[in-house]
Amino acid sequence: MRTIVAGNWKMHTDASGSRALVEHLHEVVPRGASNVEVVVAPPFPFLAQVAEQTRGTRIKVAAQNCHAAEQGAFTGEVSAGMLASIGATYCLVGHSERRQYFGETDALVAKKIMTLLKHGIIPIYCCGENLTERESDRHFDVVADQMKGALGELDSVSLERVVIAYEPVWAIGTGLTASAAQAQDMHAHIRSMLRTHGDVVAATVPILYGGSCKPDNAAAIFSCPDVNGGLIGGAALVAEQFAELIRIAERVKHP
Ligand code: 13P
């Protein structure tokens, strides 16, 4: 099982800032053999530039979104084929900010995932409950419904190529983070859903945690047996913090 530390830059940086951030990452991200994959997801205008800057290094590039269609009259949108052509390896889909502010549904996300897989891009499927759902003890059902809605139509060979990120909405950008027990319980729940598609799927699909993940709380979360790294927001914009999260993930030994 591979571990991934991925940085979602969201709508931050500009051309020179993103270039400088990658240069800084090249200085501080540990080199050498590692079981941890490093991914950055810059905004669209800087994706090709960052792909160029990271070519041949251990840093891989992710898009933050894509359109479900192959191509067409969709002004302002970006296709999976375009992402593949500039060397993107991953694409985030289903992020709670896309659900909340852009009305994205799991049915739409399911289509995006199909298109991405067709173009050889690995979807990082984000799921997670909001505070009301957590407080009313519906979080396991909510995440199960999201998983079924977005991934339910995939056969097991396709599912093996997906990465899942559990991001409780109440922990995103709030400074509140899930406890290690809360993270592990949900990741185990997700893992058991994956197991219904076979042991290979359950043993292959990394499940990342996201939500106010910082160097001072990451060790506890990354050590959970079903947590395979993190999807990092704020701390991914600070090269030293992101590098420290990678080092923490490298130190963690899963049983
Ligand atoms: P923060 O780490 O800033 O809470 O963001 C998490 C996130 O949404 C990553 O996709």
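A brief report on the enclosed structure follows. (Residues numbered from 1 in each chain as written. Predicted model: local features only at pLDDT ≥ 70, side-chain atom pairs only at ≥ 80, totals over all residues. Heavy atoms only, no water.)

### Description of the sheet that holds strand E8 (residues 229-232)
With parallel pairing, eight strands are arranged side by side around a closed barrel as E1-E2-E3-E4-E5-E6-E7-E8. Averaged over all pairs of adjacent strands, the angle between strand axes in this sheet comes to 30 degrees, irrespective of strand direction. Strand direction decides the pairing type here: strand E6 (residues 163-166) and strand E7 (residues 207-210), joined by three bridges, are parallel. From the neighbouring strand, Tyr 166 faces E7, where its bridge partner is Tyr 209. In this fold helix H9 (residues 180-195) packs onto strand E5 (122-127), E6 and E7, with an angle of close to 150 degrees to the strand it touches most, E7. (Pairing = 2+ DSSP bridges. Helix = DSSP H or I, 4+ residues; strand = E, 2+ residues; numbered from the N terminus. Axes fitted to C-alpha atoms, helices over the stretch in contact; angles between N-to-C directions. Contact = heavy atoms within 4.5 Å.)

### Some details on the packing of helix H5 (residues 106-118) against helix H7 (residues 139-151)
As a packed pair, H5 and H7 sit with axes 7 Å apart at the nearest point and diverge in direction by 45 degrees. The orientation of H5 with respect to H7, classified from their angle, is oblique. Every pair of crossing elements has a handedness; the one defined by H5 and H7 is right-handed. Residues Asp 106, Ala 107, Val 109, Ala 110 and Ile 113 of H5 form the contact with H7, whose own contacting residues are Gln 146, Gly 149, Ala 150 and Leu 151. Split by residue class, the contact of H5 with H7 holds six nonpolar, two polar and one charged. (Parallel < 35°, antiparallel > 145°, perpendicular 65-115°, else oblique. Left-handed = near helix turned anticlockwise from the far one by under 90°. Nonpolar A, V, L, I, M, F, W, Y, C, P; charged D, E, K, R; others polar.)

### Looking at the pattern of salt bridges
The tally for this structure, following the rule as stated, stands at twelve salt bridges. Its salt-bridge partner being Arg 58, residue Glu 250 comes within 3.1 Å of it at the nearest N-O pair. Here Glu 250, found in helix H12 (residues 239-251), pairs with Arg 58, found in the loop between helix H2 (47-54) and strand E3 (59-63); they are 192 residues apart in sequence, far enough to count as distant. Put simply, Lys 112 and Glu 104 hold a salt bridge, and the shortest N to O gap is 2.9 Å. Counted as one network, the salt bridges with shared partners bring together Arg 98, Glu 104 and Lys 112. (Salt bridge = Lys/Arg side-chain N within 4 Å of Asp/Glu carboxyl O.)

### A few points about the site of the ligand
Taken together, Asn 8, Lys 10, His 95, Glu 167, Ala 171, Ile 172, Gly 173, Gly 211, Ser 212, Leu 231, Gly 233 and Gly 234 make up the full set of residues adjacent to the ligand. Interatomic distance of 2.6 Å between a backbone N/O atom of Gly 173 and an oxygen atom of the ligand. At 2.7 Å from an oxygen atom of the ligand is found a main-chain nitrogen or oxygen belonging to Ser 212. Protein chains bury 96% of the 300 Å² of accessible surface belonging to the ligand in isolation. Partitioning the shell around the ligand into residue classes produces three nonpolar, seven polar and two charged. (Near = heavy atom within 4 Å. Polar contact = N/O pair within 3.5 Å; in protein donor to acceptor, adjacent residues only side chain to side chain. Areas by Shrake-Rupley, 256 points an atom, 1.4 Å probe, with all protein chains shown as cover.)

### Considerations on unusual backbone geometry
One non-glycine residue, Thr 13, lies in the positive phi region at around 75 degrees. Looking at the element boundaries, Thr 13 is found in the loop between strand E1 (3-8) and helix H1 (15-28). The phi torsion at Ser 212 lies on the positive side, around 55 degrees, for a residue other than glycine. In this structure, Ser 212 sits in the loop between E7 and helix H11 (215-222).

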